[in-house]
Amino acid sequence: MTTQQITKKYGIPSENGDGYLVKIDLPYKMRISWDKNVFVSTMMCHKLVADNFKAVFKDLLDHYGYDKIRELGIDLFGGCFNYRKMRGGSEWSTHSWGIAIDLDPDRNLLKETSKTARFARPEYKPMIDIFYKNGFESLGIEKNFDWMHFQIKK
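Calculation rules
Residues numbered from 1 in each chain as written. Predicted model: local features only at pLDDT ≥ 70, side-chain atom pairs only at ≥ 80, totals over all residues. Heavy atoms only, no water. Helix = DSSP H or I, 4+ residues; strand = E, 2+ residues; numbered from the N terminus. Rg over C-alpha atoms; globule rule 2.2 N^0.38 Å. Buried < 20%, exposed > 50% of the residue type's maximum accessible area, 1.4 Å probe, protein only. Contact = heavy atoms within 4.5 Å. Areas by Shrake-Rupley, 256 points an atom, 1.4 Å probe, with all protein chains shown as cover. Lys, Arg positive; Asp, Glu negative; His and termini not counted. Charge placed at Lys NZ, Arg CZ, Asp CG, Glu CD. Polar contact = N/O pair within 3.5 Å; in protein donor to acceptor, adjacent residues only side chain to side chain. Salt bridge = Lys/Arg side-chain N within 4 Å of Asp/Glu carboxyl O.

Student: I'd love a proper account of the overall build of the protein chain, names of residues and values included.
Tutor: Helices and strands together make up the secondary structure of the protein chain, namely five helices and six strands. Taking 154 residues into account, the globule formula puts the C-alpha radius of gyration at 15 Å, and the protein chain, at 15 Å, falls close to it. Seen through its C-alpha atoms, the protein chain measures out along the principal axes to roughly 40 × 30 × 30 Å. Within the protein chain, buried positions represent 47% of all 154 residues. The long-range fraction of contacts in the protein chain, counting pairs at least 24 apart against all pairs at least 6 apart in sequence, stands at 62%. Total accessible area computed for the protein chain in this model is approximately 8100 Å², and 51% of it derives from carbon and sulfur atoms. Side chains of the protein chain give 24 positive and 20 negative charges; the mean places of these two sets differ by 2 Å.

Here's what the structure looks like:
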């Protein structure tokens, strides 16, 4: 989606997300990627994608189980809502609306391709399929970079 399409559907992003952010409960604890000793059990996201995110996390837990989620690093939360411009760009990041999430960013770097990104490995295909099933897309699959990033597709 273009920034114009996103703005039409999700509104104008704001620094604190007033009017569009909601807190959702996660079905399992996630570790903060930059401080793995800190856990979160809730997340802020756009109200129009809250059910999509809840379904993703439920499906991930149902498919992998918590121990496997931790082993694979799928629980490493890199953020959802973050009011900012795209890295190296002038357009708003999809994180500014809370319609995207980054997972395990240390092992799925922004400029990494499928040759080295962790999420390009076969054991992560079910995870990626779950995101697509619930209305998200992977920039890793779509553009072969930023494998950590999943954003709502419509």
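Student: Describe in detail unusual backbone geometry, supporting the description with residues and values.
Tutor: Of note, the phi angle at Asp104 is positive, near 45°, even though the residue is not glycine. As for its placement among the helices and strands, Asp104 is situated in the loop between strand 4 (100-103) and helix 4 (125-133). On the accessibility criterion, Asp104 (1% relative accessible area) is buried. Positive phi outside glycine occurs at Asn144, with the angle close to 60°. Mapped onto the elements, Asn144 comes out in the loop between helix 5 (139-143) and strand 6 (149-152). With a relative accessible area of 31%, Asn144 lands in the partly exposed category.

Student: Go over the side chain of Gln151 with me, naming the residues and quoting the values.
Tutor: Mapped onto the elements, Gln151 comes out in strand 6. Side chain to side chain, Gln151 and His149 meet in a polar contact 2.8 Å long. In contact with Gln151, other than residues within four places in its own chain, are Thr94, Ile99, Ala100, Gly135, Phe136, Glu137 and Leu139.

Student: Let's hear about the pattern of salt bridges: which residues, and what values?
Tutor: Two side chains of opposite charge can pair, provided their charged atoms sit close to one another. Applying the stated rule across the entire model yields nine salt bridges. The salt bridge involving Lys36 is made with Asp106; its shortest N-O contact spans 3.6 Å. In this pair, Lys36 sits in strand 2 (residues 35-46) while Asp106 sits in the loop between strand 4 and helix 4, placing the two residues 70 residues apart along the sequence. Residue Lys36 is classed as partly exposed on the basis of its relative accessible area of 39%. Residue Lys54 pairs with Asp51 through a salt bridge whose shortest N-O separation is 4.0 Å. Here Asp51 and Lys54 lie together in helix 2 (residues 50-64), a separation of three residues that amounts to about one turn. Assessed through its relative accessible area of 58%, Asp51 is described here as exposed.

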